[in-house]
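Below, each chain spelled out in residue letters.
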Amino acid sequence: MALEKTLILVKPDGAKRQLTGMVFDRLEAAGLDLCAAKVVSVSEEHAREHYKDLSDKPFFENLIKYIRGEFHSIRNNKILAAVFQGEDAIKHVRKVAGATNPEEADPGTIRGSFGRITTDGQFENVIHASGNREDADREIKLWFKAEEII
Ligand code: IDP
Ligand code: MG
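Quick look at the structure, then. The shown structure was predicted, so the numbers you read here are calculated from the model rather than taken from an experiment.

**Points about the packing of aromatic side chains**
In the structure shown here, the tally under the stated rule is one aromatic pair. Just above the ring of Phe 144 sits the side chain of Lys 38; from NZ or CZ to the centre is 4.8 Å.

Laid out in structure tokens, this is it:
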């Protein structure tokens, strides 16, 4: 076990459906400690940098539109970003979030409870959570300045 920090984003479907409080509630109830949070306007460049490892995927262009709120009429491309800390926080948050495919995610998870696949095949799964230590370090630096993490 190690004390870790991990990045979460409440994705535009979560914002539109007013699920932000639910996301924080579930993560806090799981014992995770909130140590940074802010609303960010996600530029095209920032979105592409965040998801750069997926740039060769067929769903990449729609993923960029999705995270920038273009499918949910989110004004100013705003999104909520947060850092949670805890023992094995990266795996722990992934477990609370559930599997990537919301139809395969366990019913008790955030994605299993609230995610959906659109008729166009877009996975709308409410929350982003860093996948591993390397991604968490990179993503936290991408979304937060050191002094914003308490
Ligand atoms: P993760 O969010 O569980 O780490 P990734 O494979 O990193 O999953 O993919 C990032 C995001 O891209 C997913 O959360 C989901 O919104 C979207 N995505 C992943 N795979 C697919 C797919 O097969 N079809 C459509 N969207 C997908
Ligand atoms: Mg991922």
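**Re helix H5 (residues 89–97)**
For H5, every residue scored as buried is listed here: Ala 89, Ile 90, Val 93, Val 96 and Ala 97. Mapping the buried residues of H5 onto a view down its axis gives an arc of 130°, with all of them on the same face. Every exposed residue of H5 that faces more than 90 degrees away from the buried side is listed here: Lys 91 and Lys 95. The elements touched by buried residues of H5 are strand E1 (3–10), helix H2 (20–29), strand E3 (78–87), helix H6 (110–114), strand E6 (127–129) and helix H7 (133–143).

**So, the sheet that holds E1**
Spatial ordering of the open sheet is given by E2-E3-E1-E6, a layout of four strands whose pairing is antiparallel. Of all the strands in the sheet, just strand E2 (33–41) and E6 have a single pairing partner and so form its edges. Direction aside, neighbouring strands of the sheet carry axes that sit 20° apart on average. As paired elements, E2 and E3 share eight bridges and run antiparallel to each other. Its bridge partner being in E3, Val 40 is matched across the sheet by Ile 79. Of the strands in this sheet, E1, E3 and E6 are in contact with H5, which crosses E1 at around 35°.

**Quick look at the site of ligand 1**
Taken together, Lys 11, Tyr 51, Leu 54, Phe 59, Leu 63, Tyr 66, Arg 94, Thr 100, Arg 111, Gly 121, Phe 123 and Asn 125 make up all the residues around ligand 1. Interatomic distance of 2.9 Å between a side-chain N/O atom of Lys 11 and an oxygen atom of ligand 1. Here an oxygen atom of ligand 1 sits 2.8 Å away from a polar atom, N or O, in the side chain of Arg 94. Out of a free accessible area of 530 Å², ligand 1 has 79% covered by protein chains. Grouping the constituent residues of the shell around ligand 1 by class yields six nonpolar, three polar and three charged.

**Topic: the environment of Ser 73**
Looking at where Ser 73 falls in the secondary structure, it is placed in the loop between helix H4 (60–67) and E3. Ser 73 sits 16 residues away from Ala 89 along the chain, and the two C-alpha atoms are 32 Å apart.

**Some points on H2**
For H2, every residue scored as buried is listed here: Met 22, Val 23, Phe 24 and Leu 27. On its buried face, H2 sits against E1, E2, E3, H5, H6 and E6.

Parameters at a glance
Residues numbered from 1 in each chain as written. Chains lettered and ligands numbered in written order. Predicted model: local features only at pLDDT ≥ 70, side-chain atom pairs only at ≥ 80, totals over all residues. Heavy atoms only, no water. Phe/Tyr/Trp six-rings, centres within 6.5 Å; stacked < 30°, edge-to-face > 60°. Lys NZ or Arg CZ within 6 Å of the ring centre and 35° of its normal. Buried < 20%, exposed > 50% of the residue type's maximum accessible area, 1.4 Å probe, protein only. Helix = DSSP H or I, 4+ residues; strand = E, 2+ residues; numbered from the N terminus. Arc of directions from axis to C-beta. Contact = heavy atoms within 4.5 Å. Pairing = 2+ DSSP bridges. Axes fitted to C-alpha atoms, helices over the stretch in contact; angles between N-to-C directions. Near = heavy atom within 4 Å. Polar contact = N/O pair within 3.5 Å; in protein donor to acceptor, adjacent residues only side chain to side chain. Areas by Shrake-Rupley, 256 points an atom, 1.4 Å probe, with all protein chains shown as cover. Nonpolar A, V, L, I, M, F, W, Y, C, P; charged D, E, K, R; others polar.

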